[in-house]
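Listed here are the chains, written in short residue letters.
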Amino acid sequence: MTGLLFVEQVLNGLQFGVMLFLLAAGLTLVFGIMNLVNLAHGSLYMVGAYLATAAFGWTGSFLLAALFALAATLAVGMLVEVLTLRTLYERDHLDQVLATFGLILFFNEAVAIVWGRTALFTTVPRALSGQITLLPGLRYPAYRAVIILVGLAVALLLYIVVNRTRLGMLIRAGASNRTMVAALGVNVRVLYTVVFGFGAALAALGGVMAGPIYTVLPGMGEEILIQVFVVIVIGGIGSIRGALVGAVVVGMVDTLGRAFLKPMLSTMIGPSAANNAGPALASMLIYLLMAAVLFFRPQGLFPAVRG
Amino acid sequence: MDSRARAIAVGVGFVALALVPALAAILNQPFYLDLFRRIMIFAIAAVSLDLILGYGGMVSFGHAAYLGLGAYAVAIPAFYGVQSGVVQWTLAVVLSGVAALLIGAVSLRTSGVSFIMITLAFAQMLYYLGISINAWGADDGMRLAQRSQFGGVLDLANPYVFYYVVLAILAVLLWLGHRLIQARFGMVIRASRSNEPRMRAIGFSTFRYRLAAFALAGSVCGLAGALLTNQTEYLTPSFMHWTRSGEIMMMVILGGMGTLFGPVLGAIALLLLEDILSAWTVHWQVVLGPILVLVVLYARGGLWSLLPDGARGDG
Amino acid sequence: MADALLEVRGLTKRFGGLVASDDIALQVAEGETLAVIGPNGAGKTTLIGQLSGDLRPDAGTIRFAGQDITGLGTPARSHRGLARSFQITSIFRDFTALDNVALAVQAHAGHSFRFWRPAREEAALREPARAILERVGLGARADVLAGTLAHGEQRQLEIGMALATRPKLLLLDEPVAGMGVDESQRMVELLRALRGHHTLVLVEHDMDAVFALADRISVLVYGRVIASGAPEAIRANPEVRRAYLGEEDQA
């Protein structure tokens, strides 16, 4: 295990963390401000990936495809919000869970109908298909580096919006005391729609970027969604800062665990035992981490105070 | 509230279920025997979820984890030569009960959105664990060489015997559940759902009772898992997949939550619906999804509420 | 006071920059009725929260029946004999009035890990519950769903549930809140009947109720106790008049 390999895995962890953050940021706001459990958030991510892949096939231009997919997915998201989610804001969590679960079934099957159940293949855009040299001896795929940069840019953008704009102030207030914001006469409907739109756009962006490097399959949204839940639980509901910290932590722990746990165990308990125990333990790591955090702080690391 | 109507409905239901094997034989459709046995097994899982969800208000989205644990508790010993049903099924109940106890101990300290996500996450953790253990089939799962053995007493290889064993277990569980709901323990669980701060103010340490209910529900679901793997004669980690949890929850809602027998109706309805829809198109989930959304939005009381004066659960 | 049933010293609670409870000291003797009054925002709710166990104070101690209960949770305090009623009615709406009180009895009648016998058939729970319903004036309404009771009846039920836990001390959070004249009077009569047998700590806005019931009054303003003493003394206290009674036209 060389130092350079370690750095490469750290970067991979950061890249995965950034993807998690794109999904977690919107979702944690929806949880905190609208008190809405939206299991179908991952479906938007999936739809974004599928539409980007398809559009890339039609146009040959990654940029055009990305723009199309972002717009189209956002439209799908807003349609879902108007048709079903609006009624769910007032309902209890169980209803929200079940209804959005129904949406997941629908979306997973819908993409299977259009594109089939086998994984869609798409390539990294040619401009980014090379590797860049970060340090002497350390080369890293350009595409993944761009993802990290985009993610950090989004984080910065969110920071500016949330902390320096009026909308951001409403968002922070809403996350900390929903009823008060409504009582102050803010048009809650519009605020909710904007917040949801934010989240949908970020999920779409995640999906668009995910296409070339992750497997595009029905159900891909839920796989990452559950990890996003872990991020939000660790970070604290309603908190973007928590989502960022949680996402980076989870991304790192998961990636480094998968890369290094088996070799590490190998030296301790022998290669054949490590062959089974390594991957098993690595897949459980982030959940054990979640359990540990919950044990000491059930409300997460940076909870927005809820009202 | 007309408990007479409900009692009659339950009685009719059981008589109907008891007659299915005969009908299947007469119509020469053994498939229906299989189907209804499968329905009853899921009904057991759904009833166990109703205890904590319908009565306790605990939205646990990871209940299928116990289904899977119960199944593994049968298949793994069988793999290593332990065929005794008593050993396997006891292990299923104990293992899933303990798992539920541990998961509940962490999860029940939270509530609302967090609780849902955490139970889902832990269940998925067990699923990933199942996938990654190569010795026990990993992704593909394991075959069950033979069904659980009960000496000469019960021959589960006989489809009729197996059917009535499942029916008996379902009946006994419903009866026990009915008593439990009315007993002190049930009152605490139900009242805690209604107003937990009040419960603590009058002196109940609600956490321990809710945790006990959570563990109990988990262990009953583990029994369902043991039955399921006997039914299918194989098992895969997909038994524990979170979509399975969603299915079980759907059964509780479709049938009517907080009613004990409602989930049985829900299991019948959902699995029959799946059977019918899948004959029509392989993409039946694209229809089932919106159906579920519509039921949740507009028909919350479930099938149970369609019965005369059955609009409320055991009040 | 030598043998105070409830003794609070130096109780302090901050929420961010706001000091909700500022070095509060109180004593309540056994059998006494203490009323805590103060303008809105004085910190009465925070005080009740700390006495009942829902809030952890940042500093100070609470002693009950000679024991330090500052670190105890709410159920434990209930078992020590400290009961409370809620300002915003908090009952089990889907259960009958009798069920509500029986639950309170059940909480103090051994453990509830009983899975077989219907709780509604346990005379040891139902009989005391019925008696309490009679006592608070709801005897005829035993089988009515609590959610459908009139507002005043629900407040009576609140008291009943608190009584069912056989408390030494009753912490009453605005018992006549939202009640009309007749209902208030009935409630005051009920509370007056309790005075001999229980120690009461009454947080109230309604000055008629306060002066009808209280042996002593403590006045809370911006989290501090600014005066404590007999009702007449409080009425005459210029600081109190300025801070609070000057605003009083609420009862």
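Basis of the calculations
- Residues numbered from 1 in each chain as written.
- Chains lettered and ligands numbered in written order.
- Predicted model: local features only at pLDDT ≥ 70, side-chain atom pairs only at ≥ 80, totals over all residues.
- Pairing = 2+ DSSP bridges.
- Helix = DSSP H or I, 4+ residues; strand = E, 2+ residues; numbered from the N terminus.
- Buried ≥ 20, exposed ≤ 12 C-beta atoms within 10 Å, placed from the backbone.
- Contact = placed C-beta atoms within 7 Å.
- Nonpolar A, V, L, I, M, F, W, Y, C, P; charged D, E, K, R; others polar.
- Axes fitted to C-alpha atoms, helices over the stretch in contact; angles between N-to-C directions.
- Domains from an automatic or database assignment.

### What about the pairing of strand S1 (residues 4-15) of chain C?
Residue and element names in this part refer to chain C.
Part 1 of the reasoning: Relative to strand S2 (residues 18-29), S1 runs antiparallel, the two being bridged by eight bridges. Within S2, the position partnered with Leu6 by the bridge is Val28.
Part 2 of the reasoning: Counting the residues between successive antiparallel strands, the hairpin from S1 to S2 contains two residues, one of them, Gly16, with a positive phi of roughly 65°.
Part 3 of the reasoning: Of the strand pairs in this sheet, S1 and strand S4 (residues 59-64) are connected by five bridges, and their pairing is antiparallel. Paired with Thr12 across the bridge in S4 is Ala59.

### Quick look at unusual backbone geometry
Peptide bonds are, in most cases, trans, and in most cases residues other than glycine have a negative phi.
Part 1 of the reasoning: Here Asn28(B), not a glycine, exhibits a phi torsion of approximately 55°, which is positive.
Part 2 of the reasoning: Mapping Asn28(B) onto the fold places it in the loop between helix H1 (3-26) and helix H2 (30-55).
Part 3 of the reasoning: Unlike most non-glycine residues, Arg166(C) shows phi in positive territory, near 45°.
Part 4 of the reasoning: Mapped onto the elements, Arg166(C) comes out in the loop between helix H5 (151-164) and strand S7 (169-173).
Part 5 of the reasoning: Classification of Arg166(C) as partly exposed rests on a count of 16 C-beta atoms within 10 Å.

### Regarding the interface of chain A and chain B
Part 1 of the reasoning: Between chain A and chain B, the contact holds 37 residues from the first and 37 residues from the second.
Part 2 of the reasoning: For the side of chain A that touches chain B, the secondary structure elements donating two or more residues are helix H3 (62-88), helix H4 (93-115), helix H9 (220-235) and helix H11 (271-296) of chain A.
Part 3 of the reasoning: Residue contributions to the side of chain A that touches chain B peak at 16 residues, all from H4(A).
Part 4 of the reasoning: Its residues assigned to classes, the side of chain A that touches chain B comprises 28 nonpolar, seven polar and two charged.

### Side note on the sheet that holds strand S3 (residues 33-37) of chain C
All names here are of chain C.
Part 1 of the reasoning: Taken in spatial order, the six strands line up as S6-S7-S8-S3-S9-S10 in an open sheet, and their pairing is mixed. Every interior strand has two partners, whereas the edge strands, strand S6 (82-85) and strand S10 (224-229), have only one. On average, each strand axis in the sheet is tilted by 15° relative to the strand beside it, whichever way the strands run.
Part 2 of the reasoning: By the bridge criterion, four bridges tie S3 to strand S9 (residues 216-221) in an arrangement that is parallel. Within the sheet, the bridge partner assigned to Val36 lies in S9 and is Ser218.

### Observations regarding the sheet that holds strand S5 (residues 67-68) of chain C
Adjacent strands of a sheet pair through backbone hydrogen bonds, lying either parallel or antiparallel.
Residue and element names in this part refer to chain C.
Part 1 of the reasoning: Taken together, four strands build an open sheet; the order of strands is S2-S1-S4-S5 and the sheet is antiparallel. Every other strand in the sheet has two partners, leaving S2 and S5 as the edge strands with one partner each.
Part 2 of the reasoning: Inspection of the sheet shows S4 paired to S5 by two bridges, in the antiparallel sense. Paired with Arg63 across the bridge in S5 is Asp68.
Part 3 of the reasoning: The strands that helix H1 (residues 44-52) touches are S1, S2 and S4; relative to S2, the one it contacts most, it runs at about 60°.

### What about the domain arrangement of chain C?
All names here are of chain C.
Part 1 of the reasoning: Along its sequence, chain C is carved into domain 1 (1-81 + 167-251) and domain 2 (91-166).
Part 2 of the reasoning: Just the C-alpha atoms count here: the centres of domain 1 and domain 2 sit 26 Å apart.
Part 3 of the reasoning: Opposite the 10 residues of domain 1 that make contact, domain 2 presents 10 residues.
Part 4 of the reasoning: Looking at the side of domain 1 that touches domain 2, the element that brings in the most residues is helix H6 (residues 181-195), giving four residues.
Part 5 of the reasoning: Among the residues making up the side of domain 1 that touches domain 2, the classes are represented as six nonpolar, two polar and two charged.

### Notes on the environment of Val97(A)
Part 1 of the reasoning: When you line up the elements, Val97(A) lands in helix H4.
Part 2 of the reasoning: For Val97(A), a count of 24 C-beta atoms within 10 Å puts it in the buried group.
Part 3 of the reasoning: Separated by 47 residues in sequence, Val97(A) and Arg144(A) place their C-alpha atoms 33 Å apart.
Part 4 of the reasoning: Once residues within four sequence positions are removed from consideration, Val97(A) is found in contact with Val37(A), Leu39(A), Val59(B), Phe61(B) and Ile116(B).

### Some remarks on the interface of chain B and chain C
It is common to report an interface's size as the accessible area lost on association of the parts.
Part 1 of the reasoning: With 22 residues of chain B at the interface, the matching set in chain C holds 28 residues.
Part 2 of the reasoning: Of all the secondary structure elements, the ones that give two or more residues to the side of chain B that touches chain C are helix H6 (159-182), helix H7 (184-194), helix H8 (196-201) and helix H9 (206-232) of chain B.
Part 3 of the reasoning: The leading source of residues in the side of chain B that touches chain C is H7(B), at six residues.
Part 4 of the reasoning: Tallied by class, the residues present in the side of chain B that touches chain C amount to 12 nonpolar, six polar and four charged.

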